[in-house]
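Letter by letter, the chains look like this.
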Amino acid sequence: MTKEDPHWKCGNCGRTVQALQPPEKCPSCGEICDFKNVSCYLPECGGPGNVDPRL
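Going along each chain's sequence as written, the residues are numbered from 1 onward. Per-residue local features are limited, in this predicted model, to residues with pLDDT of at least 70; the limit for side-chain atom pairs, both in listing and counting, is 80 or more; totals at the level of whole chains, interfaces and linings are taken over all residues. Side-chain calculation: all heavy atoms of the structure are included, whereas hydrogens and water are not.

A. The state of the cysteines, seen in detail. Whenever a pair of cysteine sulfur atoms sits within 2.5 Å, that pair is classed as a disulfide. Counted under the stated rule, the structure contains one disulfide. With no disulfide of its own, cysteine 10 lies closest to cysteine 33 among cysteine sulfurs, the gap being 3.2 Å. Using a 1.4 Å probe on the protein chains alone, a residue whose accessible area is under 20% of its type maximum counts as buried, one over 50% counts as exposed, and one in between counts as partly exposed. Judged by its relative accessible area of 3%, cysteine 10 falls in the buried class. Of the cysteine sulfurs around cysteine 13, a residue in no disulfide, the closest is that of cysteine 26, at 3.7 Å. Overall, the relative accessible area of 39% leaves cysteine 13 in the partly exposed class.

B. Molecular detail of the sheet that holds strand 1 (residues 7-10). At least two DSSP bridges between two strands are required for those strands to pair. Numbering goes from the N terminus for both helices and strands, where a helix is a DSSP run of H or I of at least four residues and a strand is a run of E of at least two. Across the sheet, which stays open at both edges, the three strands sit in the order 2-1-3 with antiparallel pairing between neighbours. Edge positions in the open sheet fall to strand 2 (16-18) and strand 3 (35-37), since each of these has one partner strand only. On average, adjacent strands in this sheet sit at an angle of 30° to one another, irrespective of strand direction. Relative to strand 3, strand 1 is paired through three bridges, and the arrangement is antiparallel. Bridge pairing links cysteine 10 to phenylalanine 35 in strand 3. Note on geometry: axes are lines fitted to C-alpha atoms, helical ones only across the stretch in contact, with angles between N-to-C directions running from 0 to 180 degrees.

So, to be careful, I would describe these as geometric facts and stop short of saying anything about function.
Listed below in structure tokens is the structure:
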């Protein structure tokens, strides 16, 4: 993991995980969930390595 890796949010429980790829199962709820990329790519929210609060 690097600080530039994307942040992934579990569609089931909302847990965020930072990794190059989303996990197969959520480490929090243990389900196979739909993970959404919630990384910030704009300077307004801190840029890469941060979660975009709008997502």
